[in-house]
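Spelled out from the first residue to the last, the chains are:
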Amino acid sequence: MAATMRVQSDWNQVLRRNEGEAWLSCRSPGKSTLYGSLTCQGVGSDGIPEISASEGFVVNEITKKSILVSCPHENVSTKFLAPYTSFCRIHQKSIICIDISSGGGLGVSTSTDGTMKIWQAANGEIRRLLEGHVYDVNCCRFFPSGLVVLSGGMDAQLKIWSAEDASCVVTFKGHKGGILDTAIVDRGRNVISSSRDGTARLWDCGKSACLGVVADCGSPVNGIALGITDNTINLGSPEKAPSEREIGTEGKILLLAREDKKLQGVGLQSRQPVFLFVGSDAFNCCTFLSSIYLLAGTQDGNIYQLDVRNTKAPVQIIHRSGAPVLCLLPYKDGFIASQGDGTCFIIQQDLDHVIDLTEADCDPVYKVATWEKQIYTCCRDGMVRRYQLSDL
């Protein structure tokens, strides 16, 4: 695995002061870590500081919110990006989940303070409070319309809400343990949930009924992802004809990130297993990069890239730290990952450097959401941070 560069979390504030100094490090597996520093030599009239690096590091480029630093000896470069803006007033405690509406105007988030809120993505101003779950809400997401929210809670209930008037329009009951993740099929006439009870279920929103158990794993299903596969993959055929209430389940594969160190693929319509991959530790999250490639992250910091057509061995394993991988999201021709040590980074095929979304100081970044060139993160420190990738 390539070397990993880190910088002091508040580098962007520190390096705006004359002679301000921020630490920097470069860690390569099996070698001793190289430590260094960045020092502000003054701030130009355009507001951009002049920064020098200590021996072994080179500053390649500076903007108001980013700095590109390389460590030539390890042949590695990282662009550290500071938030464009941060919202600290949405919740009082840790923020567990976040999503942004398809139009980019609204955000929804859930917190250990027991609340779920809808807010304006531009300024963090709270618009609605969604009340009705008992205990904590684990996950929330907008339907493709951007007008409706799907949430799952520790109370084993799945709920659908109107983002316009905060009313709860549907409640699904059937799980026997807390709901850990959800997915929406196409436009959202059907939805999927996964739970601590070891099952993933398919639901009919119109009739608020369970259409079936897609998978029963016997181990908590921490995360799910829905993908449309390459037509060369055999997804199996259903044992009985699907209900006419199943809309858009054909040709789709459901990924299950399981607590028992297994990543499973299941045909959504057939309910038949497609593959089972055993990892190094509990799987926390998974996502599709394309109809062929998928990613899954484990509790011990591994990100596995797999090819659905042959899951016997991973295409690659990315390991930047031993902290739990908490969120994975496709982005442009690469992906965004967040981890339990506060790191959140973007890897893209055509970029020779990693982009590091900084400021969370050792507090887990639980979830990431994107809208066009804006990236939102939510963190244990109770902050929602918005990063602007205008220069990508």
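Refer to the structure printed above.
About the thresholds
Residues numbered from 1 in each chain as written. Predicted model: local features only at pLDDT ≥ 70, side-chain atom pairs only at ≥ 80, totals over all residues. Heavy atoms only, no water. Helix = DSSP H or I, 4+ residues; strand = E, 2+ residues; numbered from the N terminus. Rg over C-alpha atoms; globule rule 2.2 N^0.38 Å. Buried < 20%, exposed > 50% of the residue type's maximum accessible area, 1.4 Å probe, protein only. Contact = heavy atoms within 4.5 Å. Areas by Shrake-Rupley, 256 points an atom, 1.4 Å probe, with all protein chains shown as cover. Lys, Arg positive; Asp, Glu negative; His and termini not counted. Charge placed at Lys NZ, Arg CZ, Asp CG, Glu CD. Core = buried A, V, L, I, M, F, W, Y, C linked by side-chain atoms within 4.5 Å. Pairing = 2+ DSSP bridges. Patch = residues over 30% accessible without salt bridge, like charges linked within 9 Å, V, L, I, M, F, W, Y side chains within 5 Å. Salt bridge = Lys/Arg side-chain N within 4 Å of Asp/Glu carboxyl O. Polar contact = N/O pair within 3.5 Å; in protein donor to acceptor, adjacent residues only side chain to side chain. Axes fitted to C-alpha atoms, helices over the stretch in contact; angles between N-to-C directions.

A.B. asks: Which parts of the structure should I look at to understand the overall build of the protein?
C.D. replies: Scanning the protein from N- to C-terminus turns up 1 helix and 35 strands. Here the C-alpha atoms of the protein give a radius of gyration of 22 Å, agreeing with the 21 Å that 2.2 N^0.38 yields for 392 residues. For the C-alpha atoms alone, the extent of the protein along its principal axes is close to 70 × 50 × 30 Å. In the protein, which comprises 392 residues, the share counted as buried stands at 55%. Considering only residue pairs separated by 6 or more positions, the protein has 45% of its internal contacts joining residues 24 or more positions apart. Entry remark: accessible area of the protein is about 16600 Å², with carbon and sulfur atoms responsible for 46%. Distance between charge centres in the protein, computed from 38 positive and 42 negative side chains, equals 5 Å.

A.B. asks: Which parts of the structure should I look at to understand the nonpolar core?
C.D. replies: In globular proteins that are soluble, nonpolar side chains generally tend to be buried together. Core analysis: the largest hydrophobic core is formed by 24 residues, its most contacted members being Val108, Leu130, Phe172 and Val191. Elements with a contribution of two residues or more to this core: strand 11 (116-120), strand 13 (137-142), strand 14 (148-153), strand 15 (158-162), strand 16 (168-172) and strand 17 (179-185). Tallying contributions element by element places strand 13 first for this core, with 4 residues.

A.B. asks: Can you help me understand the pairing of strand 23 (residues 262-267) in this one?
C.D. replies: Taken across its 6 residues, strand 23 has 5 buried, putting it largely inside the fold. Relative to strand 23, strand 22 (residues 252-258) runs antiparallel, the two being bridged by 5 bridges. Each bridged residue has a counterpart across the sheet, and for Ile253 the counterpart in strand 23 is Gly267. Taken together, the 5 bridges between strand 23 and strand 24 (residues 273-278) define a ladder with antiparallel strand orientation. In the sheet register, Lys262 faces strand 24, and the bridge partner there is Val278. In this structure, the hairpin formed by strand 23 and strand 24 is closed by a connection of 5 residues, where Arg271 is found at a positive phi of approximately 60 degrees.

A.B. asks: Looking at this structure, I do not really get the environment of Gly188. What am I missing?
C.D. replies: Mapped onto the fold, Gly188 is located in the loop between strand 17 and strand 18 (190-195). The exposure class of Gly188 is buried, given its relative accessible area of 9%. As for Gly188 and Glu359, which are separated by 171 residues in sequence, their C-alpha atoms are 35 Å apart. In this structure, Gly188 is in contact with Phe143 and Cys205, ignoring residues within four places of it in sequence.

A.B. asks: What is the right way to read unusual backbone geometry from this model?
C.D. replies: Note: most residues except glycine have negative phi, and most peptide bonds are trans. At Lys261, a position not held by glycine, the phi torsion is positive, near 70 degrees. For Lys261, the position within the fold is in the loop between strand 22 and strand 23. Its identity as a non-glycine residue notwithstanding, Arg271 has a phi of 60 degrees, on the positive side. Checked against the element boundaries, Arg271 lands in the loop between strand 23 and strand 24.

A.B. asks: I'm lost on a nonpolar patch on the surface in this one. Help?
C.D. replies: Where nonpolar side chains cluster on the molecular surface, the patch consists of Val134, Tyr135 and Met154 and spans about 310 Å² of accessible area. Along the polypeptide, Val134 turns up in the loop between strand 12 (126-129) and strand 13.

A.B. asks: Please explain the side chain of Arg385 as it appears in this structure.
C.D. replies: As for its placement among the helices and strands, Arg385 is situated in strand 35 (residues 384-388). Side chain to side chain, Arg385 and Glu359 meet in a polar contact 2.9 Å long. Of note is the side chain of Arg385, whose polar atom sits 2.7 Å from the side chain of Asp381. Not counting residues within four places of it along the chain, the set of residues in contact with Arg385 comprises Pro83, Thr85, Ser86, Thr358, Glu359, Ala360, Ile375, Tyr376, Thr377 and Cys379.

A.B. asks: What is the right way to look at the side chain of Thr377 in this model?
C.D. replies: Looking at the element boundaries, Thr377 is found in strand 34 (residues 374-379). When near neighbours in sequence (up to four residues on either side) are disregarded, Thr377 contacts Ile98, Cys344, Leu357, Val365, Lys367, Val368, Met383, Val384, Arg385 and Tyr387.

A.B. asks: Looking at this structure, how should I read the sheet that holds strand 3 (residues 34-43)?
C.D. replies: Two orientations exist for strands paired in a sheet by backbone hydrogen bonds: parallel and antiparallel. Read across the sheet, 4 strands follow the order 1-2-3-4 without closing on themselves; strand pairing throughout is antiparallel. What marks the edges here is a single partner per strand, and that holds for strand 1 (4-7) and strand 4 (49-53). The sheet shows a mean angle of 25 degrees between the axes of neighbouring strands, taken without regard to direction. Sheet topology places strand 1 next to strand 2 (residues 21-27); 4 bridges connect them, and they run antiparallel. The partner of Met5 across the bridge, within strand 2, is Cys26.

A.B. asks: Would you mind going over the pattern of salt bridges with me for this structure?
C.D. replies: Where charged atoms from two side chains of opposite charge come close, those side chains can pair. For the structure shown, the criterion picks out 13 salt bridges. Between Arg6 and Asp341 there is a salt bridge, with the nearest N and O atoms lying 3.1 Å from each other. Of this pair, Arg6 sits in strand 1 while Asp341 is found in the loop between strand 30 (334-339) and strand 31 (344-348), placing the two residues 335 residues apart along the sequence. Taking relative accessible area as the criterion, Arg6 reaches 26% and is therefore assigned partly exposed. One salt bridge in this structure joins Asp356 and Arg320, with 3.5 Å as the shortest N-O distance. Highlighted residues: Asp356 in strand 32 (residues 354-357) and Arg320 in the loop between strand 28 (316-319) and strand 29 (325-331), separated in sequence by 36 residues. Each member of the pair, Asp356 as well as Arg320, carries the same accessibility label: buried. Linked by salt bridges that have partners in common, Glu359, Asp381 and Arg385 make up one network.

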